[in-house]
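Chains, contacts and geometry: an overview
In case you want the letters, here they are:
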Amino acid sequence: MGNQSNKKERRDRFREKRGQDGVVLLPRKKLYRQRAHANPFSDHILEYPLSPEHMDWSSYYPAFVDEEASREESKPPRMKQDVEIVDIGCGFGGLLVGLAPVLQDKLILGLEIRTQVTQFVQERIWALRAQSSEKLYQNAACIRANTMKFLPNFFKKSQLSKIFICFPDPHFKAKKHKARIVSTTLNSEYAYALRPGGIVYTITDVEALHDWMVEHLNAHPSFERVSEEEEQGDECVKIMLNETEEGKKVERNKGQKFVALFRRMEDPPW
């Protein structure tokens, strides 16, 4: 408890500092460290909307609030557009920061279950916004959420165009496989949230987990694997390979990265 308190005090002191010319400093990762993974089945204290219509995005994307839209008191402020791209288990936000300047017209969201890591990513984005003279990073945000339990609370049917699953917890033991973020049940939730033509991006340095994700997504009737040629031409794949913290660590250790993309197919006619 004392160590957490000391970290909080150091974070608070660091936030009060400014660089040259009063520039907002990026948060220091070492002040936000916690366990590498969290148990998704634990009773985390989380806030989540009753439905996507109840979610207030205005504080996360203030530059995208529709100021001209009429406001209903019982509903959150209307946004100019919906969140379209999601990074599940975004870690320290490397992918968000890499994608945001490239996809400036899309709202990108990181979902992270760990409290301090979520706080780091939020403050990283706020600092990058403050530093940017071109008003970049306004389209990126991060919230604390448990994807395995509450994904449909945030996103309506066919809302998303891209879902990223980067270096997820491999849960090596067979009895832990139920906690893997790609599974028969969860794939149906991804299919619900993704629009036809949308893409699920997966990457890992664990070949057995790669085979698991490929097997389960291949087996789902709503997904088909993207060709290797199309995969190699996707600019988001290049960012996914090179900008995530885990990806950089694998690169330093000269490890392998296994990538697979799956397209959401059109639903058959009733």
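The shown structure was predicted, so the numbers you read here are calculated from the model rather than taken from an experiment.

1. With respect to the overall build of the protein
Of the regular secondary structure elements, the protein holds 9 helices and 7 strands. A total of 270 residues make up the protein; the buried ones form 50% of that total. If you take every contact in the protein between residues at least 6 apart in sequence, the share linking residues at least 24 apart comes to 77%. Here the protein displays about 14,900 Å² of accessible surface, and carbon together with sulfur accounts for 48% of that area.

2. Regarding unusual backbone geometry
Comment: phi is negative for the bulk of residues other than glycine, and the bulk of peptide bonds are trans. Of note, Lys135 is a non-glycine position whose phi angle comes to about 60°, a positive value. In this structure, His171 takes a positive phi of about 45° despite not being glycine. On the basis of relative accessible area, His171 is assigned to the buried category, the value being 14%.

3. Observations regarding the sheet that holds strand S3 (residues 140-144)
Taken together, the 7 strands give an open sheet; going across it, the order is S3-S2-S1-S4-S5-S7-S6, and neighbouring strands pair in mixed fashion. Either end of the sheet is taken by a strand with one partner, and the two such strands are S3 and strand S6 (223-225). Across the sheet, the mean angle from the axis of one strand to that of its neighbour is 20°, orientation sign disregarded. Sheet topology note: the strand S5 (residues 194-204)/strand S7 (residues 258-264) ladder contains 6 bridges and is antiparallel. The residue of S7 that forms the bridge with Thr204 is Phe258. In this fold helix H3 (residues 115-131) packs onto strand S2 (107-112) and S3, with an angle of close to 160° to the strand it touches most, S3. Where helix H5 (residues 184-193) meets the sheet, its contacts fall on strand S1 (83-88), strand S4 (160-166), S5, S6 and S7, and the angle it forms with S5 comes to roughly 135°.

4. Focus on a positive patch on the surface
A contiguous patch of positive charge on the surface is contributed by Lys173, Lys175, Lys176 and Lys178. For Lys178, the position within the fold is in the loop between S4 and H5. The class for Lys178 is exposed, based on a relative accessible area of 63%.

5. Some remarks on the packing of helix H4 (residues 147-154) against H5
Closest axis-to-axis distance for the H4/H5 pair is 10 Å, and the angle between their directions is 20°. Looking at the two axes, H4 sits roughly parallel to H5. Between H4 and H5 the crossing geometry is left-handed. Across the interface between the two elements, Thr147, Met148, Leu151 and Pro152 from H4 touch Leu186, Glu189 and Tyr190 from H5. For the contact of H4 with H5, the per-class residue count stands at 5 nonpolar, 1 polar and 1 charged.

6. Here's the deal with the pairing of S1
Within S1, 6 of the 6 residues are buried, which leaves the element mostly enclosed by the surrounding structure. In this fold, S1 hands off to helix H2 (residues 94-99), which returns the chain to S2; that crossover is right-handed. For S1 and S4, the ladder comprises 4 bridges, and the chain directions are parallel. If you follow Ile88 over to S4, its bridge partner there is Ile165.

7. A look at the nonpolar core
Core analysis: the biggest nonpolar cluster contains 41 residues, and Trp57, Tyr61, Leu109, Leu111, Phe155 and Tyr190 have the highest contact counts within it. Counting residues per element, this core draws most heavily on helix H6 (residues 207-219), which supplies 5 residues. Counting residues in hydrophobic clusters, the runner-up holds 33 residues, among them Phe92, Ala100, Tyr201 and Leu261.

8. Looking at the pattern of salt bridges
Summed over the entire model, instances satisfying the criterion amount to 11 salt bridges. Put simply, Asp82 and Lys156 hold a salt bridge, and the shortest N to O gap is 3.1 Å. With Asp82 in the loop between helix H1 (2-16) and S1 and Lys156 in the loop between H4 and S4, this residue pair connects regions lying 74 residues apart in the sequence. With relative accessibility at 39%, the residue Asp82 sits in the partly exposed group.

About the criteria used
- Residues numbered from 1 in each chain as written.
- Predicted model: local features only at pLDDT ≥ 70, side-chain atom pairs only at ≥ 80, totals over all residues.
- Heavy atoms only, no water.
- Helix = DSSP H or I, 4+ residues; strand = E, 2+ residues; numbered from the N terminus.
- Buried < 20%, exposed > 50% of the residue type's maximum accessible area, 1.4 Å probe, protein only.
- Contact = heavy atoms within 4.5 Å.
- Areas by Shrake-Rupley, 256 points an atom, 1.4 Å probe, with all protein chains shown as cover.
- Pairing = 2+ DSSP bridges.
- Axes fitted to C-alpha atoms, helices over the stretch in contact; angles between N-to-C directions.
- Patch = residues over 30% accessible without salt bridge, like charges linked within 9 Å, V, L, I, M, F, W, Y side chains within 5 Å.
- Salt bridge = Lys/Arg side-chain N within 4 Å of Asp/Glu carboxyl O.
- Lys, Arg positive; Asp, Glu negative; His and termini not counted.
- Charge placed at Lys NZ, Arg CZ, Asp CG, Glu CD.
- Parallel < 35°, antiparallel > 145°, perpendicular 65-115°, else oblique.
- Left-handed = near helix turned anticlockwise from the far one by under 90°.
- Nonpolar A, V, L, I, M, F, W, Y, C, P; charged D, E, K, R; others polar.
- Right-handed = clockwise from strand over helix to strand, strands pointing away.
- Core = buried A, V, L, I, M, F, W, Y, C linked by side-chain atoms within 4.5 Å.

These figures capture arrangement, not role.
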